[in-house]
Amino acid sequence: MSVDYRQGDSWGLCIVVGALALVLCRLDAGGICLAERSEGMLQIMGSEYCRRSRFDTGEVRLFVTNRGATATSVSECELIEIDADRGDEGREGEQQINYLYAKLSPPVVKGGKKGELLIKFAAAPAAGRRLRCRVQDDAGRVCRTTVRIEQAPVTIPFVGFSQALDRAYVYVQNKSDRRLSVGLSEVAGMEAGHNYQSINSDLEPGDKGCLIFEIPRPFALGDYVHVGVWARCEEQVVRTFRVVRVMNRFPLMFRDGQTDADIGLDSERFFVNSTKATREFACVQTMLCPAHGHGSNHEAAVKFLANRTEIFDADERLLTQMWICRADKPRAWYEFGGLPDVAVMNPILRASDRNRSEADCGRRLSSFVRLGRYAKTATEPNRYLACVDLVPSESIFAESQYRPEEVRYLVYCVLASGAKGILYRGKVAVDRFGRESFVRLNRELGQLKPLLMIAEPVDWSSIADTGYWTRSLLCADAAILVLVFDGRYFSEDVDGRMRTPGFSRSVKPVRVEVRVPPQFSVIRIEKSYAAVPAKRWDFDAGRLEFECLMADSVQVYKVVLNRDNVIPGEEP
Amino acid sequence: MFVLVSLAVVPEVRVGWTSEDGNEYLVFAELLESGQKAKAMELGRALFEDVVSRHAEHKGLRQVQDRLKSASEMSKLIVRYLERKQQSTFVDIAELGVVPDAALVTRGDQVEHFLPSAEQLYWDNVEVFRGEPDLGGISVRDARFVRQYRALKMDSQIEQLSKVTALVRLCGSGSSSLWRYALVLSLLYLEDNDERWESFDVLLGSADAAGLDAMAEFCLLRAERPETAKAIARYKARSQTKNFSLVDWSVESGSKCVEQGRADLAERLLRAAIRSICDESKIIELRLRIAGGYSRCHDHARAAQVCAETAKEYPDSVFYGRLMYDYFSYLARQSQAEQILLSIDSELAKPRCRSYLAELLYLKWWSLRKTGQSGKAGAIGERLIKQYGENRCVAPVLLARATDALSNQQYDRCRELLDRLVTKFPQTKSARKGQEISAKLR
């Protein structure tokens with residue numbers, strides 16, 4: 001017998017028949033249920049529902065543990081909508097909910113380890129409904145749980161790792177409409193306890209924070225890592241988990257994986273196009289766009305997952321990459337974004353204003369950043385690499401070649417949205433200025449890589465001047481990257497295509513305000529080669545104001561942080 | 001003679017050491033005059049510190065200090081970079097056993113540290129150097145000295161940069177674009193219209209032709225300094241004992257600006273060239289270029305405006321017809337068919353437009369079709385075909401007629417028109433389209 005958990009209940013007790021497992025659980029926020037009935041080794045420890053955006057059909061995550069000694073996988077799963085009148089037990093075969101795919105991470109869960117089953121809906125279910133999830137492992141054992149279609153209040157949008165892979169940066173976002181305080185519960189099976197540091201752990205609605213964990217034994221690239229966080233609102237506590245891949249790379253290369261150190265790109269290839277495992281590289285791009293040439297979306301997803309399993313069997317640490325093209329964007333991004341460890345999308349596209357969210361209306365924001373954010377949210381907590389065309393698309397831009405400042409603008413637009421690498425497509429400019437500027441841009445990115453690798457977009461910077469706009473990236477406890485954009489770029493419309501008007505270049509002082517998280521102060525502000533003079537910035541009580549002299553299309557400022565005093569993490 | 005004696009009596013000059021008339025500033029000036037720059041620098045540094053300490057709150061002096069400091073830091077940064085570039089060349093040479101004792105930089109070291117672009121250095125510091133510091137409130141002598149000292153410091157740094165750049169270039173380890181670094185300090189130091197550019201040997205004299213071109217291009221396209229670009233181009237012409245033509249230079253440079261999407265800058269150059277000439281034909285030609293530049297940058301509105309203004313200024317010119325044709329063409333590119341129809345009839349009636357009658361009639365025909373007046377358009381089209389059958393403008397008319405015939409299922413008529421189109425005007429877009437349709441008809 002199981003107890004139905006509803007929002008607002010404080011404590012519940014679950015008795016597992018047959019497996020003699022007794023689990024204490026607590027349900028607070030909608031959609032998260034803990035420990036239901038299961039038979040056999042794979043046990044569902046919790047679940048949550050999430051809909052990433054209005055373009056997304058939504059998904060259910062089941063947090064699983066393999067209680068047995070041997071590895072197991074999932075062979076089948078089923079979703080059935082529960083009829084409220086009939087109570088908890090729906091009739092078998094009735095109101096079955098179609099899903100696009102069910103992805104287990106890792107593909108095979110070893111004995112005693114945790115995993116995550118992501119089930120992507122084919123169509124968005126109605127809010128407030130309840131679903132019965134039935135999961136069968138490859139030995140035929142079945143476990144079940146119930147999920148309510150209510151948005152989880154907290155999410156993990158990204159987990160970054162230091163270059164030495166000895167630190168994990170777990171970003172948390174408050175998706176509810178109430179203030180939450182957050183903390184870290186575990187990383188890779190290690191209880192966090194007090195042994196972590198937090199940045200901005202008291203979150204207003206929509207805000208993000210970061211939890212930093214020192215890993216006693218550094219990970220290896222490609223490891224599967226289970227991460228857990230908790231969130232508290234008054235007396236209610238909610239937990240969520242994610243399984244992420246360890247990655248400390250920020251690829252900067254051509255779209256086909258070719259590199260060229262002479263023009264500032266990476267010197268080593270990161271990925272290779274193959275459906276088979278190739279151990280020379282960290283990542284395998286197994287599929288070029290599931291929307292083309294792979295049958296229906298469901299068939300394409302199944303095919304990808306089959307390739308993924310094969311690659312995992314050959315080498316557990318190999319990452320998988322998928323190119324998701326722009327057909328039916330951003331919907332296709334949400335459909336497939338959860339599948340690969342690394343997704344490649346092109347956000348330098350024409351965006352319809354009807355795709356603009358209410359939050360973006362009235363905000364000065366490039367449409368490329370907006371599209372980039374869709375790419376980011378479609379793939380969280382995994383990564384997306386942005387494809388940037390070096391030759392303007394005729395359907396989007398009026399000019400046939402970019403100015404050097406325009407390439408810079410586009411690249412930083414995608415980075416502002418949270419891209420974790422750039423894949424260039426097309427030929428590098430042949431004129432002297434264009435080529436030199438391109439090389440320089442890549443070298444600048446190379447310098448910023450250690451920060452970009454662990455960065456997460458936040459909404460912490462603002463500008464009053466209407467001619468400019470800004471985005472910021474929190475780079476854990478190291479810095480805040482503040483990007484300031486000149487709004488004149490790509491601001492004109494010529495027969496429905498974008499162009500930058502000609503204007504005289506000059507230096508314009510622009511005042512930028514940045515919110516600095518509590519318990520941090522600002523040591524200095526740096527541009528790419530020099531510090532901003534102290535007389536040009538002022539920091540007081542969590543607020544930084546500085547003057548930037550704008551002359552370029554985008555200028556990048558690194559706000560170097562210092563922690564005032566180390567506050568150890570707390571447990572709920 | 002007196003000056004020479006006094007210099008001989010005072011071999012090392014410091015503050016507190018005075019010339020015979022007690023004026024260190026005079027000694028400083030004399031050292032400058034005699035070319036003893038190192039000594040002048042040493043004395044000047046001490047004197048400058050003295051002036052600054054006596055006027056600690058003076059805003060103008062602080063500006064001078066800031067500029068000298070920025071210039072010094074920038075100079076060190078660039079010189080360090082250039083010297084490393086030079087050293088990397090020596091690594092290669094040393095391995096060939098040519099310079100065995102040179103201080104080697106091993107291959108494992110990063111020879112090229114991150115140096116901002118010359119462009120970035122310029123724009124990051126342009127505000128520091130803007131305007132002339134106001135030295136009012138200090139004595140005339142002090143002010144004169146400060147200006148001399150500043151000039152000495154800047155000239156020395158520019159000279160050093162030029163020498164190192166020339167050396168690096170000589171060693172073959174850098175492209176001509178390195179000259180931009182040497183140029184930055186000079187650009188910050190001298191205003192656009194400073195006469196000294198015309199004979200700025202300390203920098204321009206050290207550069208080769210490619211270096212001068214690189215500097216001129218930088219001034220024009222990256223630093224918004226067209227006057228300086230012109231001065232460098234003029235210097236180059238003089239150094240090669242060639243004539244410098246402002247008009248030719250403006251036309252060539254204007255094209256480069258347009259390629260970079262800067263039709264506005266091209267206009268600035270061409271208007272400066274226009275001011276230097278009186279030939280009406282040439283003036284109109286340059287104005288047409290300005291309009292053409294805007295059009296290539298997709299600013300057809302501005303292009304049309306330039307043509308209209310020029311036509312208004314020169315209503316009796318032989319180019320009037322061309323101006324009106326361009327004007328209406330640019331309106332057409334903005335799909336402004338109704339605006340074209342408002343005024344084209346009056347232009348068609350003007351004798352000055354006679355040489356462009358076919359082209360203007362074509363634009364009228366196009367506008368009529370665009371505004372759904374196909375009856376009137378048909379009449380114009382008929383006239384064009386009959387009277388101007390050899391003119392390229394007729395090509396789209398033939399195509400339109402052919403497609404109309406096709407819509408009316410008059411296939412033979414359609415084929416006849418398409419054949420005529422492809423035969424008479426094979427290189428046109430209309431002919432290419434016509435060939436596609438012909439192929440489908442078969």
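Before reading on, note that the structure itself is shown above.
Here goes a summary of the coordinates provided. Since we're looking at a predicted model, the values are computed, not measured. (Residues numbered from 1 in each chain as written. Chains lettered and ligands numbered in written order. Predicted model: local features only at pLDDT ≥ 70, side-chain atom pairs only at ≥ 80, totals over all residues. Heavy atoms only, no water.)

Given 3.6 residues per turn, any residue in an α-helix points the same way as the ones three and four places further on. Residue and element names in this part refer to chain B. Given a rise of 1.5 Å per residue, 17 residues ought to cover 24 Å, and the 24 Å separating the end C-alpha atoms of helix 13 (residues 280–296) matches this to within 8%. Restricting attention to buried positions, one finds in helix 13 the residues Ile283, Ile284, Leu286, Arg287, Leu288, Ile290, Ala291, Gly292, Gly293, Tyr294 and Ser295. Against the buried residues of helix 13 lie helix 11 (246–259), helix 12 (263–275), helix 14 (300–313) and helix 15 (320–333). Measuring from the backbone nitrogen of Ser281 back to the side-chain oxygen at the start of helix 13 gives 3.1 Å, which picks out Asp279 as the cap. Positive phi shows up at His298, right after helix 13, with a value of about 65°. (Helix = DSSP H or I, 4+ residues; strand = E, 2+ residues; numbered from the N terminus. Expected span 1.5 Å × (residues − 1). Buried < 20%, exposed > 50% of the residue type's maximum accessible area, 1.4 Å probe, protein only. Contact = heavy atoms within 4.5 Å. Polar contact = N/O pair within 3.5 Å; in protein donor to acceptor, adjacent residues only side chain to side chain.)

What follows deals with a positive patch on the surface. A surface patch of like charges, here positive, comprises A:Lys535, B:Lys59, B:Arg62 and B:Lys69. Inspection of the secondary structure puts B:Arg62 in helix 4 (residues 59–95). Accessibility expressed as a relative area gives 39% for B:Arg62, which makes it partly exposed. (Patch = residues over 30% accessible without salt bridge, like charges linked within 9 Å, V, L, I, M, F, W, Y side chains within 5 Å. Areas by Shrake-Rupley, 256 points an atom, 1.4 Å probe, with all protein chains shown as cover. Salt bridge = Lys/Arg side-chain N within 4 Å of Asp/Glu carboxyl O. Lys, Arg positive; Asp, Glu negative; His and termini not counted. Charge placed at Lys NZ, Arg CZ, Asp CG, Glu CD.)

Before going further, it helps to spend a moment on the sheet that holds strand 36 (residues 543–550) of chain A. Residues and elements named next belong to chain A. Strand order in the open sheet made by the four strands is 28-33-36-35, with antiparallel pairing throughout. Here the strands that pair on one side only, and so sit at the sheet edges, are strand 28 (461–463) and strand 35 (537–540). Ignoring strand direction, the axes of neighbouring strands in this sheet form an average angle of 25°. Where strand 28 and strand 33 (residues 508–515) come together, three bridges link them in antiparallel fashion. (Pairing = 2+ DSSP bridges. Axes fitted to C-alpha atoms, helices over the stretch in contact; angles between N-to-C directions.)

Quick look at the packing of helix 17 (residues 357–370) of chain B against helix 18 (residues 374–387) of chain B now. A pair of packed helices is characterised by two quantities: the angle between their axes and the separation of those axes. Residues and elements named next belong to chain B. With their axes 8 Å apart at the nearest point, helix 17 and helix 18 run at an angle of 155° to one another. Taken together, the axis directions place helix 17 and helix 18 in an arrangement best described as roughly antiparallel. For the element pair helix 17 and helix 18, the recorded crossing hand is left-handed. Taking contact as the criterion, the partners of Leu357, Ala358, Leu361, Tyr362, Lys364, Trp365, Leu368 and Arg369 in helix 17 are, on helix 18, Ser374, Lys376, Ala377, Ile380, Gly381, Arg383 and Leu384. (Parallel < 35°, antiparallel > 145°, perpendicular 65-115°, else oblique. Left-handed = near helix turned anticlockwise from the far one by under 90°.)

Our next topic: helix 5 (residues 118–125) of chain B. For helix 5 of chain B, a buried count of eight out of eight residues is recorded, marking the element as mostly surrounded by other parts of the structure. By the burial criterion, the buried members of helix 5 of chain B are B:Ala118, B:Glu119, B:Gln120, B:Leu121, B:Tyr122, B:Trp123, B:Asp124 and B:Asn125.

All names here are of chain A. Mapped onto the fold, Phe254 is located in strand 20 (residues 252–254). On the basis of relative accessible area, Phe254 is assigned to the buried category, the value being 15%. It is 35 Å that separates the C-alpha atoms of Phe254 and Thr466, two residues lying 212 residues apart in sequence. For Phe254, the contacting residues outside a window of four places in its chain are Asp260, Ile263, Leu265, Leu390, Leu423, Tyr424, Gly426 and Val428.

Our focus in this paragraph is the interface of chain B and chain A. Between chain B and chain A, the residue contacts involve 36 residues of the former and 29 residues of the latter. In this structure, the connection of chain B to chain A is made through four salt bridges. Linking B:Arg222 and A:Glu405 is a salt bridge whose minimum nitrogen-to-oxygen distance equals 2.4 Å. Summed over the shared surface of chain B and chain A, the result is twelve residue pairs in polar contact (both at pLDDT 80 or more). If you list the elements that add at least two residues to the side of chain B that touches chain A, you get helix 4, helix 5, helix 7 (179–189), helix 9 (209–221) and helix 12 of chain B. When residues of the side of chain B that touches chain A are assigned to their parent elements, the largest contribution, six residues, is made by helix 5 of chain B.

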